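# Coordinate inspection notes
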Amino acid sequence: MEFVDDRTIKLNKPLSDLDLLVLRFIRIIEKYVEYVIISGYVAILFGRSRGTEDVDLFIRPITEDKFIQLYHHLKADGFWCLNAESDNGVYDYVKEWIALRFALKNQTIPNFEVKVARKKLDLQVFNDFITVKTVSGKLNISSLERQIAFKKYYLKSDKDLEDARHVENIFKEHLNKEKIKKYKHDIGQEYGIS
Amino acid sequence: MEFLKSSPDNRQARLLFVDYWADFIRTHPDEEWGRQHTNFINSLMQNAKHYPLTAKQYLEIKEEVKKENLHP
C-alpha cells in the first residue's frame, strides 16, 4: 500500500468477500449521502487479522425522502434492515438518531451499522477522511489518527487497543502524533474521558 | 523481518502477534499478505452464513431492540 497524497491510499491487495460486500453496500450509499467508514473495518481493510460482525459508518444528516429512496435501493440490491421493515419504521430510527443495521437478506452478520452523524466529533470525520483506492473501487475511511485516538483513548477494549496498535504499526511513518493528541483532547472534551 | 516472539502471558502474546503481522504487511507486497489475509477473512465470511441467531436475537444481545421490532 502507498500514500498517493495526504488523503489518498492506494491498496493493491486482493479483496476479500468482506471487502467486496463493503464496496457493494457503499456504491449504493454514496448515491444518496456522503459517508465515512469508521472503527474496526478500517483496521481489517489494512490487514488486521480478525473478523468482525459489523462495519460501522457515519452518514451525513439526510432528509426522509432521500433516506427512503436509499432504503428502497438497498432492498432492491439484496439487503435488509435488521431493525425494522416499513419505511416509517426504518426512518423512525434515523429521526431518533439511533443506528440502523443492514445485512444481506436472510443474514444477520456481517452487517452495516449506519449512524447519522450528529455530535460535533462525529461530523468532523467528514472534514479529514481518507480515500482508499482498492483494485475494485474507492472507499472513504476515517482519518487514521482519529481512528487511533478513538480506539486507544475512548473504546479501549483489548480488541480496540490491538486495532489501534495495528494501524499505528502499519502507518508509523505517516502518522501525525500531534493530531492524535488533539483528537484525544477533543474526545475527552466531548465524552469526558480521562 | 524478525521471527515471531512469544510470551506465556496471553495478552502479551496477542500484542506480539499484532506487531509481527504488521511487520509482515510492511515488508511484503500487498498481493502477498493480502492473499493470506483474504483466505482468512473469506473463511470467516463462510461461517457467518451459518450464524444461528435471528435479527431479533442479535439485536437483543446488542441491547438495540427498539419498541416494535418488526422482524420475528
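Residues numbered from 1 in each chain as written. Chains lettered and ligands numbered in written order. Predicted model: local features only at pLDDT ≥ 70, side-chain atom pairs only at ≥ 80, totals over all residues. Heavy atoms only, no water.

Turning next to the overall build of chain A. Within chain A one finds eight helices and nine strands. If one aligns the C-alpha atoms of chain A with their principal axes, the spans along those axes are about 45 × 40 × 30 Å. Put simply, chain A has 194 residues, and 57% of those count as buried. The long-range fraction of contacts in chain A, counting pairs at least 24 apart against all pairs at least 6 apart in sequence, stands at 65%. Summing over all exposed atoms, chain A offers an accessible surface of approximately 8,300 Å²; the carbon and sulfur share of this is 46%. Taking the average location of the 32 positive side-chain charges in chain A and that of its 30 negative ones, the two points are 3 Å from each other. (Helix = DSSP H or I, 4+ residues; strand = E, 2+ residues; numbered from the N terminus. Buried < 20%, exposed > 50% of the residue type's maximum accessible area, 1.4 Å probe, protein only. Contact = heavy atoms within 4.5 Å. Areas by Shrake-Rupley, 256 points an atom, 1.4 Å probe, with all protein chains shown as cover. Lys, Arg positive; Asp, Glu negative; His and termini not counted. Charge placed at Lys NZ, Arg CZ, Asp CG, Glu CD.)

Judged by nonpolar contacts, the single largest core of 67 residues is most densely connected at F25, I37, F46, L57, I59, F67 and L144 of chain A. No other element matches helix α1 (residues 17-29) of chain A, which puts eight residues into this core. Here L57 of chain A is in contact with F25, I26, I29, Y35, V36, I37, I38, F112, E113, V114 and K115 of chain A, once residues within four sequence places are set aside. Counting eight residues, the second largest nonpolar core, distinct from the first, contains W80, L82 and I109 of chain A together with L59 of chain B. (Core = buried A, V, L, I, M, F, W, Y, C linked by side-chain atoms within 4.5 Å.)

Here the focus is the interface of chain A and chain B. Taken together, the contact pairs 48 residues of chain A with 37 residues of chain B. Where chain A abuts chain B, roughly 3,700 Å² becomes buried across the two surfaces, and 56% of that area is made up of carbon and sulfur atoms. Here chain A is connected to chain B by seven salt bridges. E162 of chain A is the partner of R14 of chain B in a salt bridge, and the nearest nitrogen-oxygen pair spans 2.8 Å. On inspection of chain A and its partner chain B, the count reaches 21 residue pairs in polar contact (both at pLDDT 80 or more). Elements with a contribution of two residues or more to the side of chain A that touches chain B: α1, α2 (40-45), β5 (79-81), α4 (87-95), β7 (111-116) and α7 (158-170) of chain A. With seven residues, the top contributor of residues to the side of chain A that touches chain B is α7 of chain A. (Buried area = accessible area lost by both parts, 1.4 Å probe. Salt bridge = Lys/Arg side-chain N within 4 Å of Asp/Glu carboxyl O. Polar contact = N/O pair within 3.5 Å; in protein donor to acceptor, adjacent residues only side chain to side chain.)

Following the criterion strictly, the structure yields 25 salt bridges over all chains and no others. The closest approach of N and O atoms between K13 of chain A and D19 of chain A, which form a salt bridge, is 2.9 Å. Judged by relative accessible area, which is 0%, K13 of chain A ranks as buried. The buried category is assigned to D19 of chain A, whose relative accessible area is 1%. Connected through salt bridges with shared partners, the residues R48, R50, K151, D158, D160, E162 and D163 of chain A together with R11 and R14 of chain B form a single ionic network.

One pass over the structure, following the stated rule, counts 14 aromatic pairs over all chains. Measuring from centroid to centroid gives 3.9 Å for F25 of chain A and F112 of chain A, while their planes differ by 5 degrees, and the two rings are stacked. You can see F25 of chain A sitting in helix α1 and its partner F112 of chain A sitting in strand β7, a full 87 residues away along the chain. Just as F25 of chain A is buried, F112 of chain A falls in that class too. For the pair Y51 of chain B and Y58 of chain B, a centre-to-centre distance of 6.2 Å together with 80 degrees between the ring planes defines the contact as edge-to-face. By the ring-pair criterion, three or more aromatic residues cluster together here, those being F25, Y71, F79, F102 and F112 of chain A. Above the face of the F58 of chain A ring, K115 of chain A is positioned so that its terminal group lies 5.8 Å from the ring centre. Between K184 of chain A and the ring centre of Y153 of chain A, over which it is positioned, the NZ or CZ distance is 4.6 Å. (Phe/Tyr/Trp six-rings, centres within 6.5 Å; stacked < 30°, edge-to-face > 60°. Lys NZ or Arg CZ within 6 Å of the ring centre and 35° of its normal.)

Next up on the list: the environment of F150 of chain A. All names here are of chain A. With respect to the secondary-structure elements, F150 resides in helix α6 (residues 144-155). In this structure F150 comes out as buried when scored by relative accessible area, which is 18%. The spatial distance from the C-alpha of F150 to the C-alpha of D160 is 8.7 Å, given a sequence separation of ten residues. Residue contacts for F150: discarding those within four places in its chain leaves L121, L155, I187 and Y191.

Glancing now at the environment of V22 of chain A. All names here are of chain A. With respect to the helices and strands, the residue V22 is situated in helix α1. For the pair V22 and L139, spaced 117 residues apart in sequence, the C-alpha to C-alpha distance is 8.6 Å. With residues up to four places along the chain from it excluded, the contact list for V22 reads I37, Y41, V55, F112 and L139.

By themselves, these figures tell us nothing about what the structure is for.
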